[in-house]
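# A structural walkthrough
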Amino acid sequence: MASVEEEEEEVLLEVEAVESVYGEDCLVIQRFPPHLHLHIKPRTADDSSQQFVEAILELRAGTQYPDEPPRVGIRESKGLDEVRQAHLMASIKEKVDELSSCLMLIALCEEAVQVLSHMNHPDGDCPLCLYPLVKEDGHGNLLPFMKLMSCYHCFHSKCIIKWWNWIQQQSETDPISNASSTSSSYSRSRTDMRGTEKENQGTCPVCRKVFQATDIEHVLNLIKTYTPELSLEETEIDDDEEFQRAEVENIRRKNFEALLKLQEENNGLIKPRRNEVLLPGVFLPEPVTPPSISPKATAEQQTEPSFTPTSETGPSKPLNKGSTSARNNFRTRKNTMRNRRVRTTEWVKKENSTVE
Amino acid sequence: MTSSSAPSRKALSKIACNRLQKELVEWQLNPPAGFKHKVTDNLQRWVIEVNGASGTLYTNETYQLQVDFPEHYPMEAPQVIFIPPAPLHPHIYSNGHICLDILYDSWSPAMTVSSICISILSMLSSSTAKQRPADNDRYVKNCRNGRSPKETRWWFHDDKV
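No experiment lies behind these values; they were computed from the predicted model shown.

### Quick look at the pattern of salt bridges
Residue and element names in this part refer to chain A. Taken as a whole and judged by the stated rule, the model has 13 salt bridges over all chains. A salt bridge links Arg-31 to Glu-19; its shortest N-O distance comes to 2.7 Å. Here the residue Arg-31 occupies a position in the loop between β1 (26-30) and β2 (35-40), and Glu-19 occupies one in helix α1 (residues 2-22), the gap between them amounting to 12 residues. Here Arg-31 falls in the partly exposed class, since its relative accessible area comes to 35%.

Right, here's the structure in full:
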C-alpha cells in the first residue's frame, strides 16, 4: 500500500512541476488523477506578434497513471487546420508510446510545444489576394505577412493594410453611413460591420471579429507612413515594391539600431567628439584621430559595428541606407542622421589609416 | 440588357485583375456545384449560369447571374444581379436585383465569386414560396433609369430565407 501512496505522491509532484513550468498557461482541473488544461504556444521569445498558432491541450490521466497513459486531446486551437492538428496529435501519441508507464506529463507538454514551434507559420492563402501566405514570390523574397492579434487570421501585411486604409477612407468619404445606421434587424448594421464608425477599428475580413488598431500595431507604423501613397489609386501599384522593400528595410533598420546601441553601450563605437551633423556642403575641417585609440583598433572597430552574424542583413546594406534618402525620408529621419554620422565616422577613419 | 450598366465603370486596378485571374483559375479547377461560368475575355463581367438545386422550389430551373467588378475589387463588392427573367423569390426583384446583405453592407474582401454564388444558391434553396418582394413594383419603378442595386440602401430584415 505504501508504494501506491508513493506513486500518488510522485504524480502529485509531477502536476506541481507542470504548474511551475507553465505558470498561468496551466490550468489544473484536478490534481489526482491529474486533469489539466494546458495553453501551449510556440517558442517565439514572447513576441506574440510572431506567434501564428496556439492550442489548448487537455491531459487527463486515470487512477492507474502512469501505468496507463493519459488521454490527450486538443480542446481549442488557432491557426491549425485539420492536417496540422492531426500532426500535433500524432507526435504526442508517439511520445506517449515511447514513454509508456513513465511519468510523462511534462514530456508530453514539451513535445507539443516543440511541434507547435515547428509549425509556427500561417497556412494556406492570403484571404485577400488569394496567393499563398508563405511562399517565395519568385525573386527569392518572402512576402511579409502578419496576423490579427485577436483571431489569428493571417494576411499579407500589404493586403491587410490596403483593407485598413480602405475602410478608413470609406468612413471619411461616406458620411451617410456614419450619420445614420440603417435599422437592420437581420444582422449588424453597416457601421458595425465594417467598424467604420469608430476610428481605429476594423473587422477581420474572414471572421468579422472587431479588431482595434492595437491589433495591427506591429504593422501600423507602415500604415501611417504610407497613407499618402496608399490612396488606392492606380499609381499605388508602382509603390508596392518600394513599399515592401521599405518594410524589410524597416526591420533591418531596427536590427541595425539595436546593434548600434549594444555597441554603444559596450563602448565599442567610436563617436565623433563633437556632435556635429554633416550636411552636404559642410566641410569637415581636419581628419581627427580619436585620441585614445590606435589605428589598429580603429581598423577593427570598422568591421565590428555592422557585421555581426546576428544581423540578417548583408554587410553592405546598412551602409547604403543613408544614401537612399527617398526611402528614409519618413519618420526615421533621426535614424538616418545617426547612420549617416556613423558612416562618416568610418569614412574618416579609413582616411586616417591610409594617411598614417 | 442596358439596365445593367454599372455606374461609372472604371477599368480594373492591377490588384483587382490579379485577384480575379486567381479566382478564375480556382473556379476552373473547382467550380461551385450548380454553377457554370461562360468564360469570355471580359474579366470585368462574368455571366454565370445557376441551376436550381434538386429538391427545392427551383429544381430544373436555370437562371443567369451577371457579376460586374468595380475598380477596387475586392475592397469593394461586385455588383451581382440576375439577368431577367429573375427567379421568383421574396428577396429577388423582377429587375434582377438581389436583396442579400453580403452583396452590400456585409461584403468582406475575403469573399469570392464562388462564395457569393453559394450564398445565392442557398438563399434560393431555402425559399418556401415563389413570390416577389412586397415592394417589388415600387422598387423596380424607382430603378427604372438603370440604377445599380449598390446604390440602394437596403434593409435586411429577414434572416430565414
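### Quick look at the confidence of the model for chain A
Residue and element names in this part refer to chain A. Taken as a whole, chain A shows an average pLDDT of 70; of its residues, 56% reach a score of 70 or greater. When the criterion is pLDDT under 50, residues 177-197 qualifies, and its contacts beyond four places in sequence or with other chains add up to 49 contacts. Contacts of residues 297-356 to residues separated by more than four positions or lying in other chains number 78 contacts, the stretch itself having pLDDT below 50.

### Observations regarding the sheet that holds strand β3 (residues 54-60) of chain A
Residues and elements named next belong to chain A. With respect to topology, four strands assemble into an open sheet ordered β1-β2-β3-β4, the strand pairing being antiparallel. With one partner strand each, in any of the chains shown, β1 and β4 (71-78) form the two edges of the open sheet. Taken over all neighbouring pairs, the strand axes of this sheet differ in orientation by 15 degrees on average, direction set aside. Note that β1 and β2 share four bridges and pair antiparallel. When the sheet's bridge partners are listed, Val-28 is paired in β2 with Leu-36. Contacts between helix α2 (residues 82-98) and the sheet are confined to β3 and β4, with β4 contributing the most and set at about 150 degrees to the helix.

### What to know about the environment of Ser101(A)
Residue and element names in this part refer to chain A. Within the element layout of this structure, Ser-101 appears in the loop between α2 and α3 (105-118). Residue Ser-101 is classed as partly exposed on the basis of its relative accessible area, which comes to 43%. Once you skip the residues sitting within four places of it in the chain, Ser-101 turns out to touch Pro-66 and Asp-67.

### Here's the deal with helix α4 (residues 157-173) of chain A
Residues and elements named next belong to chain A. End to end, α4 covers 24 Å across 17 residues, agreeing with the expected 24 Å (1.5 Å per residue, within 8%). The buried fraction of α4 is high, at 12 of 17 residues. Listed in full, the buried residues belonging to α4 are Ser-157, Cys-159, Ile-160, Ile-161, Lys-162, Trp-163, Trp-164, Asn-165, Trp-166, Ile-167, Gln-168 and Ser-171.

### Some thoughts on the packing of aromatic side chains
Following the criterion strictly, the structure yields seven aromatic pairs over all chains and no others. Pairing Tyr63(B) with Phe82(B) gives two aromatic rings, centres 6.1 Å apart and planes at 80 degrees, and the pair type is edge-to-face. In this pair, Tyr63(B) is assigned in strand β3 (residues 62-68) and Phe82(B) in strand β4 (residues 79-83), connecting sequence segments 19 residues apart. Each member of the pair Tyr63(B) and Phe82(B) is classed as buried. An angle of 70 degrees between the planes, with centres 4.7 Å apart, marks the rings of Phe69(B) and Tyr73(B) as edge-to-face. Tyr73(B) matches Phe69(B) in its accessibility class, with the two residues each being buried. Aromatic ring contacts, followed pair by pair, group Trp27(B), Trp46(B), Phe69(B), Tyr73(B) and Trp107(B) into a single cluster. The cationic tip of Lys78(A) hangs over the ring face of Tyr152(A); the distance from NZ or CZ to the ring centre is 4.8 Å. Sitting over the face of the ring of Tyr152(A), Lys147(A) holds its NZ or CZ atom 3.7 Å from the ring centroid.

Rules of the game
- Residues numbered from 1 in each chain as written.
- Chains lettered and ligands numbered in written order.
- Predicted model: local features only at pLDDT ≥ 70, side-chain atom pairs only at ≥ 80, totals over all residues.
- Heavy atoms only, no water.
- Salt bridge = Lys/Arg side-chain N within 4 Å of Asp/Glu carboxyl O.
- Helix = DSSP H or I, 4+ residues; strand = E, 2+ residues; numbered from the N terminus.
- Buried < 20%, exposed > 50% of the residue type's maximum accessible area, 1.4 Å probe, protein only.
- pLDDT = per-residue confidence, 0-100.
- Contact = heavy atoms within 4.5 Å.
- Pairing = 2+ DSSP bridges.
- Axes fitted to C-alpha atoms, helices over the stretch in contact; angles between N-to-C directions.
- Expected span 1.5 Å × (residues − 1).
- Phe/Tyr/Trp six-rings, centres within 6.5 Å; stacked < 30°, edge-to-face > 60°.
- Lys NZ or Arg CZ within 6 Å of the ring centre and 35° of its normal.

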